[in-house]
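Descriptive analysis of the structure
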Amino acid sequence: MGRAAEVALAIGGFAIGISKMGRHDSFLRSQGALAHEAMAKGWAALGDWPHGLHCTLDAIREDAGGRGWRFGMRREFGGLHRWLYDVRAEPWATAFNDAFSGYLASQPDLRETPAALRRANSASALRDRHMTATDAAEYLGVAPQKMAELAERENLHLVPPSDAVSPLLFRADLVHALGQRKQSTLMKHEAEAILGVGSSTLRQLLEDGVLTSLPPDERVTHQRLLLRHEVEELVRRALDAVAPVGQGARLVSFAGAMAGRRNASTLIQAILSGQVVPRGTAPKRKGINALLLDSGEVEAALTPPRATMTLLEAAQRLGADLESVRAWASEGFLATTTSTSPFERGTRVTDDALTSFSAEHITSSEAGRQAGTSGRWAAERLEFQGHLPLPSASLSKLYRRGDITSAVLDSLRDRKSAGRAASAAFSFARAVADAVASELGVELQRSSNGFADAERGIYLQVLAGRRERYRSKYAFRFSGRARAQLEGASRGMLALALVEDRSFILLPWSAAKEVVPNSGRYLDSIYFAADARGVVEDEQIATAQRWLPPR
């Protein structure tokens, strides 16, 4: 039997009510009495193409009530459409499929509409039903080109298309199932709304694997890349973990807990694992963003031990100002590193670098603390003593630790304590008066602001002086009252006490008049330059300088 006869026999078999056609020889053996009728109807279908086929299909549909199927292609055509699918690879199948598709497209009562698919409870209810490509695209909400791609990928065709002009018919049950898959997925903004987070947090969750995105070849549309049940399950698990708040807990929102560049994925995983227990939910917030967390628990669970410190922390450790530490870092005195850790970003300082810096250098602030004074005073005194700071644009001065020995620091401490208070100057003046009395062999009693021996007509005026900001000059204040006391004494003497250096200059009033200005004001100033050891630079005056024994 030729191929045309086999096709005619198969079509004729369906036309006379045979529900399933196998091999022609099997049909002839089992249904031989019906072979003549089947061949006649088959040749009639093939004779006037495609009108003859359409007439045969009409006749097959007229007997639909006797086939026992409630709806669908099986009820209308028996097993014809299945047979066409099985023989789709045959050379003649293309023309036959085109004619069959054309017939189906011309019968509105045979195809399913988008509304019918939305009403369907399950895909099984749509078995053996079909719909056009336009209706399928409308139901899925996709463009025609995307619908064609889905049809090829998901094998939705009722009968394989042969060319671009043939009507495209899809299986309604498969289209319905595809629609259900679409409903089970989310676009990014939909997932963000359920989670209550922004796009950056969602992107982080996807990158870290907390949420998974569908591969492109499994998506109904390119934008729907997230599984709804996975997103909703994440929110449910997080909300189910909420436990009553403890006393004294400081609660922060989920967004607040991510302050300090914490990773949202790490925070969520800590919540799901029980490391961080949500302590409540905030009203008017959705998803995981509604969680309220104990800031102490978050800090303990998510803050890793840091290997470095910021420049500000280094400044606090050194007791210096931030701008100075920045200058030392940029000038190479303090070694720094750049960290990529989310908790340690930017320019950082390691403990080893800070230890090395402190071992090699000493700041004016540290020197001042050891001397019991300010860093500015220590810097000025060190400069006066000839200890110059390292070249730097810093506010605090920086020195090599080897240059600032313990002896230098002791001298700072002694200089500061020598003139720290008025009581120290007062007692120093008494010591100067005792030294002069011992030199003269007399007893001097305090009188007014000076010291006197009334019997011998001796009056000693002691003026305590300090360096101006501890530079080269000592300054003394001489009053008009002191002048009157000296002028009225039989033997007037002026002692200029250099408090910080424990020395004094003793001048008879006749010689002191040459160095004491007489401006007519109540107070006049006397200045003497002295070196770092306290020796007066004026050679003539230096001969009158005397030294007190160290304390």
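Conventions and cut-offs
Residue positions are given per chain, counting from 1 as you read along its sequence in written order. It should be noted that, the model being predicted, local features are given only for residues of pLDDT at least 70 and side-chain atom pairs only at 80 or more, the latter also being counted only at that level, while totals for whole chains, interfaces and linings use all residues. Computation of side-chain values: all heavy atoms of the structure, hydrogens and water removed. Relative accessibility thresholds used throughout: buried, under 20% of the residue-type maximum; exposed, over 50%; partly exposed, between the two (1.4 Å probe, protein chains only). Helix and strand labels come from DSSP, where a helix needs a run of H or I of at least four residues and a strand needs a run of E of at least two; each type is numbered from the N terminus. Strand pairing requires that DSSP identify at least two bridges connecting the strands. Here a residue-residue contact requires only that any non-hydrogen atoms of the pair lie within 4.5 Å. Between N-to-C directions, angles span 0 to 180 degrees; the directions come from axes that are lines fitted to C-alpha atoms, helices contributing only their stretch in contact. Here is the rule for angles: anything less than 35 degrees is roughly parallel, anything more than 145 is roughly antiparallel, 65 through 115 is roughly perpendicular, and the remaining ranges are oblique. Definitions for this section: a left-handed crossing has its near helix turned counterclockwise from the far helix by less than a right angle. A right-handed crossing has that turn clockwise. Residues were grouped as follows: Ala, Val, Leu, Ile, Met, Phe, Trp, Tyr, Cys and Pro as nonpolar; Asp, Glu, Lys and Arg as charged; and all remaining residues, including Gly, as polar.

For the rest of this paragraph, the subject is the pairing of strand 18 (residues 503-508). Among the six residues of strand 18, five are classified as buried, and the element is accordingly described as predominantly covered. Inspection of the sheet shows strand 17 (residues 491-498) paired to strand 18 by six bridges, in the antiparallel sense. Counted as the bridge partner of Ala 497 is Phe 504 from strand 18. Where strand 17 hands over to strand 18, the hairpin turn is made up of four residues, of which Arg 502 adopts a positive phi near 50°. In the sheet, strand 18 pairs with strand 20 (residues 545-547) via three bridges, with the strands oriented antiparallel. Paired with Ser 503 across the strands is Trp 547, a residue of strand 20.

Before going further, it helps to spend a moment on the sheet that holds strand 9 (residues 337-339). Reading across the sheet, the three strands line up as 8-10-9 and stay open at both edges, with antiparallel pairing between neighbours. Sheet topology places strand 8 (308-309) and strand 9 at the edges, where each strand pairs with a single neighbour. Pairing of strand 9 with strand 10 (residues 346-350) involves three bridges; the strand directions are antiparallel. Looking across to strand 10, one finds that Ser 339 is bridged to Gly 346. Lying over the sheet, helix 20 (residues 351-360) contacts strand 8 and strand 10, oriented at roughly 65° with respect to strand 10.

Here we come to the packing of helix 12 (residues 188-195) against helix 14 (residues 228-240). How two helices sit against one another is set out by the angle between their axes and by the gap between those axes. Interaxial distance between helix 12 and helix 14 falls to 10 Å at its minimum, and their mutual angle equals 20°. What the angle tells us is that helix 12 and helix 14 run roughly parallel. Here the hand of the crossing between helix 12 and helix 14 comes out right-handed. Across the interface between the two elements, Ala 191, Ile 194 and Leu 195 of helix 12 pack against Arg 228, Val 231, Glu 232, Leu 234 and Val 235 of helix 14. Of the residues assigned to the contact of helix 12 with helix 14, the class counts are six nonpolar, no polar and two charged.

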